[in-house]
Amino acid sequence: MAIVKMKKMTMIALQSEKEALIKGMQKFGGLQVIDLEDQVGRDGFERLEQDQDSEAAGKIENKLSQVKYTLDFIKRYDRTKKPLFAAKLQVSEDQYPEYLNDHLRAESVYESCRAIDGKFTEFKSVETKLHNLMAQLSPWLSLDICLADVRQSKSTNAIMGFISTKYLEEFQSAVAAENMELHIQEASSGKESTYLLIIYHLDREEKVSQLMKQFGWTKVAWNEMSGTPKANYQRIQAELAEIESKKKELVRQAEALAQHRDFLEALYDILTIERDKCTVVRNFGKTEKTFLVTGWVPEKMAEELAKAMGAITEKHVISFADPEADEDFPVLLDNPAVVKPLEMITEQYSLPSPKGLDPNLVMTPFFIMFFGMMVSDAGYGIIIALITAFALYKFKPGGGMKKMLGLLCLGGISTFLWGVLFGGWFGGLITIPAVWFDPLKNPLFMLMFCLALGVVQLYTGMALQAYKSIRSGRLLDAVFDQGFWYLLLTGLMMMAVPAVAAPGKYMAIAGTAGLILTQGRSEKNIIKKLVSGVLSLYNVTAFLGDVLSYSRLFALGLATGVIGTVINAMASMLGGSFFGYILMVVFMVLGHTFNIAINVLGAYVHSSRLQYVEFFGKFFEGDGKPFEPFRVNTKYIE
């Protein structure tokens, strides 16, 4: 339960030393600068102006957006495959000017990307237009007539269009009945529409128009297009092929730009560092000759920060103070190495309140135990632990990936241990007797064991809440709100065991009386006090619901073994021949891989859920804000 104690730093220095001190603070990497607006009203901050250099920040942001666009474009065409945990490019601080001053190279690559991207956009627009035109021509390919000739002459008119296929026969009957003397040539017919060429005498114009309107005729016009439909279709195909050839050339040009990727990635990170230095200034207060900055620093790093600033210049004053009683500070967790991976579980839910408890130290054994019980196959545990341990050793990932792999490694070890205790080895593929008992043969005992573990964790959560009350000087709250509940709940459980039923009954009565008399103590009316106390007893059902929720340990633990057994049984049916045995091995590998994946996911989700809903619900206060120090933040370089 280690929430790092924070000190509030205040530093005043000369404007002439600002750039060097900002660089030093960023290099130190342990100071979270406080937003100036959050300080207005404290310590005379309202008399200070906001310090900023909008022009410099704007220029860097503009360059950064150009480099980001260029990188995103190049990545789409870079054929080199980088390993998942590839080592970062190492760039020393002395090399920063070399990258920043090579602006012509960055601008040249940017302009090339813009030009190529523009051409791609242009070609895409033309392709869309041509494909639409091909779709329009497709129904007319059988028509051997020049499209330019489909027009009105001195005495006749030729038109092209389509009507609904379901009205075709009725249309033809109407033409025959009216004796309209039309020339109708069918180009093609589909389920929805029939495409027709119609030629008629101009003196029939009015009747033809009425007929067309009656049957939903849709006219097709070919503006400034000559030649037959087939000739135009083939011409468009040739144009599309030419565009495709030009696009391939553009792709080759884009791929050639990949040689600049390392340079651009380094430049992107260096610009990010410079941008951060410009933006942090917005949180400074300034006068004509001086500036002031406040921030949070871990208590154990305060002296180190003072020395780092002193090594840069003596022209400053720095002081440290504890947070005020009503002042929240950012949360930084500090736990042993074995607990570190479990911090991600809490972080995904919420960081603890600055004045609350870090649950990770207490939560870790429960989470890892539950994870292992839900997978509970020794063979699977060995595979999970070895793969994750190898990834941690070989690739040395950082951040969230390191925590995730560490968590899975611990979960793999737990899975192996529970698998040995329960006799689970690849769903029974390897027969090794259980060291303790086999859950499939004794499911009721397994269920009771899981519920007992639930009671232990819930009691632990109640104890943590009691500790918080005692730490805050509210000893009686701990007795009334947790002590009496311990008496009642423990007494009720003891009453289910004949050997201890008698003392259990008296404990339950004492706990019930205590709760009725104390749970309404915040009410002023005596009747309300008693009613609230009686109603509080309903929470016994809530506790029972929480306990029953731990039956998921039983269900998922059995599911892993059953699915593994089914996979083995199905695979054994494939044997009997050489190829059959090959298929059997392949099926087993794929089946058990799937079983590992789905049950590891289930164990992670359900173990997390038990912490969030059942355990944290007993004591946890969240809404902590993470400690985000001003430091060198890089994505690509080290």
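Residues numbered from 1 in each chain as written. Predicted model: local features only at pLDDT ≥ 70, side-chain atom pairs only at ≥ 80, totals over all residues. Heavy atoms only, no water.

1. Regarding the packing of helix α20 (residues 551–572) against helix α21 (residues 578–615)
What counts here: Here, axes are lines fitted to C-alpha atoms. For helices the fit covers the stretch in contact, and angles between N-to-C directions go from 0 to 180 degrees. Under the DSSP-based scheme used, a helix requires at least four consecutive residues in state H or I and a strand at least two consecutive residues in state E, with every element numbered from the N terminus. Oblique is the label for any angle not covered by the other classes, which are roughly parallel (under 35 degrees), roughly antiparallel (over 145) and roughly perpendicular (65 to 115). In this analysis, two residues are considered to be in contact whenever any of their non-hydrogen atoms come within 4.5 Å of each other. Each residue is assigned to one of three groups, with Ala, Val, Leu, Ile, Met, Phe, Trp, Tyr, Cys and Pro labelled nonpolar, Asp, Glu, Lys and Arg labelled charged, and all others, Gly among them, labelled polar.
For the pair α20 and α21, interaxial distance at closest approach is 9 Å and the crossing angle is 175 degrees. Taken together, the axes of α20 and α21 lie roughly antiparallel to each other. Along its contact with α20, which presents R552, L553, L556, T560, I563, G564, I567, N568, M570, A571 and S572, the element α21 presents M584, F587, M588, G591, H592, N595, N599, G602, A603, H606, R609 and L610. Class assignment for the residues of the contact of α20 with α21 results in eleven nonpolar, ten polar and two charged.

2. Re the nonpolar core
Which entries qualify depends on this criterion: Joining through side-chain atoms within 4.5 Å is the link that ties buried Ala, Val, Leu, Ile, Met, Phe, Trp, Tyr and Cys residues into a set, and such a set is a nonpolar core. Think of it in three bands: residues with accessible area under 20% of the maximum for their type are buried, residues over 50% are exposed, and the middle band is partly exposed, with areas taken using a 1.4 Å probe on protein chains only.
Judged by nonpolar contacts, the single largest core of 55 residues is most densely connected at L342, I345, F367, F371 and L407. Leaving out residues up to four positions away in the same chain, F367 has contacts with L342, I345, L407, Y604, S607, S608 and Q611. V109, M225, I236 and F263 belong to the second largest nonpolar core, which has 53 residues in total.

3. Observations concerning the confidence of the model for the chain
The criterion, for reference: Note: pLDDT gives the predictor's confidence per residue, expressed from 0 to 100.
The share of residues in the chain with pLDDT of 70 or more is 97%, and the mean pLDDT across the chain is 92. Predicted confidence in the chain is weakest over helix α2 (residues 36–39), with a mean pLDDT of 68, and strongest over helix α12 (residues 360–375), with 97.

4. A word on the packing of aromatic side chains
Note the threshold: Each Phe, Tyr or Trp ring (for Trp, its six-membered ring) is paired with any other whose centre lies within 6.5 Å, and the angle between the two planes then decides the class: stacked below 30 degrees, edge-to-face above 60, tilted in between. Only Lys NZ and Arg CZ are tested; either one counts as a charge over a ring when it is within 6 Å of the ring centre and within 35 degrees of the ring normal.
Under the definition given, this model contains 39 aromatic pairs. A ring pair is formed by Y69 and F73, whose centres lie 6.5 Å apart and whose planes are at 25 degrees; its orientation type is stacked. Residue Y69 and its partner F73 are located together in helix α3 (residues 54–75), separated by four residues, close to a single helical turn. Per residue, the accessibility class of Y69 equals that of F73, and both read buried. Ring geometry for F437 and F445: centres 4.9 Å apart, planes at 85 degrees, overall edge-to-face. Taken together, Y349, F366, F370, Y550, Y612, F615, F616, F619 and F620 form an aromatic cluster joined through their ring pairs. The lysine or arginine in question, K505, covers the ring of Y506, its NZ or CZ lying 5.4 Å from the ring centre.

5. Focus on the side chain of T272
Examined against the element boundaries, T272 turns out to sit in helix α9 (residues 261–280). Contacts of T272, omitting those with residues within four sequence positions, involve L64 and N633.

6. A few points about the environment of A231
Turning to its location among the elements, A231 is positioned in helix α8 (residues 229–256). A residue is classified by how much of its surface remains accessible, and A231, at 39% relative accessible area, is partly exposed. In the structure, A231 is positioned 85 residues away from C146 in sequence and 9.3 Å away in space, judged by C-alpha atoms.

7. Quick look at the pairing of strand β9 (residues 290–298)
Along any regular strand, the residues point their side chains to alternate faces of the sheet. Here is the rule we go by: When DSSP finds two or more bridges between a pair of strands, those strands are recorded as paired.
Within β9, eight of the nine residues are buried, leaving the element largely enclosed by the surrounding structure. The pairing of strand β1 (residues 6–14) with β9 spans nine bridges and is antiparallel. Counterpart to I12 in the pairing with β9 is L292. Bridge count for strand β2 (residues 32–33) against β9 is two bridges, and the pairing is antiparallel. Note on β9: the bridge partner recorded for Q32 is W296. Summarising the sheet, strand β8 (residues 284–286) and β9 pair through two bridges and their orientation is antiparallel. Its bridge partner lying in β9, G285 is registered against L292. Between β8 and β9, which follow one another and run antiparallel, lie three residues.

8. Some details on unusual backbone geometry
Of note, the phi angle at S376 is positive, near 45 degrees, even though the residue is not glycine. With respect to the secondary-structure elements, S376 resides in the loop between α12 and α13 (378–395). On the accessibility criterion, S376 (10% relative accessible area) is buried. Although it is not a glycine, K396 adopts a positive phi angle of roughly 45 degrees. Following the sequence through the fold, K396 ends up in the loop between α13 and α14 (399–422). Since its relative accessible area comes to 60%, K396 is described here as exposed.

9. Here's the deal with the pattern of salt bridges
Spelled out, the test is: Whenever Lys or Arg places a side-chain nitrogen within 4 Å of a carboxyl oxygen from Asp or Glu, that contact is recorded as a salt bridge.
One pass over the structure, following the stated rule, counts 30 salt bridges. D78 is the salt-bridge partner of R261, the closest N and O atoms lying 2.8 Å from each other. Highlighted residues: R261 in helix α9 and D78 in the loop between α3 and α4 (96–101), separated in sequence by 183 residues. Accessibility classification places R261 together with D78 in one group, the buried group. Linking K300 and D334 is a salt bridge whose minimum nitrogen-to-oxygen distance equals 3.3 Å. Taken as a pair, K300 in the loop between β9 and α10 (302–312) and D334 in the loop between β10 (316–321) and α11 (343–349) lie far apart in primary sequence, 34 residues in all.

10. A word on the side chain of T70
Threshold: Under this definition, polar contacts are N or O atom pairs within 3.5 Å; protein pairs additionally need one hydrogen-donor-capable and one acceptor-capable atom, and for neighbouring residues in sequence, both atoms have to be side-chain atoms.
Its location among the elements puts T70 in helix α3. Of note is the side chain of T70, whose polar atom sits 2.7 Å from the backbone oxygen of Q66. In this structure, T70 is in contact with V109, Y110, C113 and L264, ignoring residues within four places of it in sequence.

11. Section: the sheet that holds strand β4 (residues 156–164)
Read across the open sheet, the four strands follow the order β5-β6-β4-β7; overall the sheet is antiparallel. Of all strands in the sheet, those with a lone pairing partner are β5 (183–189) and β7 (218–220), marking the two edges. The sheet shows a mean angle of 30 degrees between the axes of neighbouring strands, taken without regard to direction. Relative to the sheet, helix α6 (residues 168–178) contacts β4, β5 and β6 (193–201), its axis offset from that of β6 by approximately 15 degrees.

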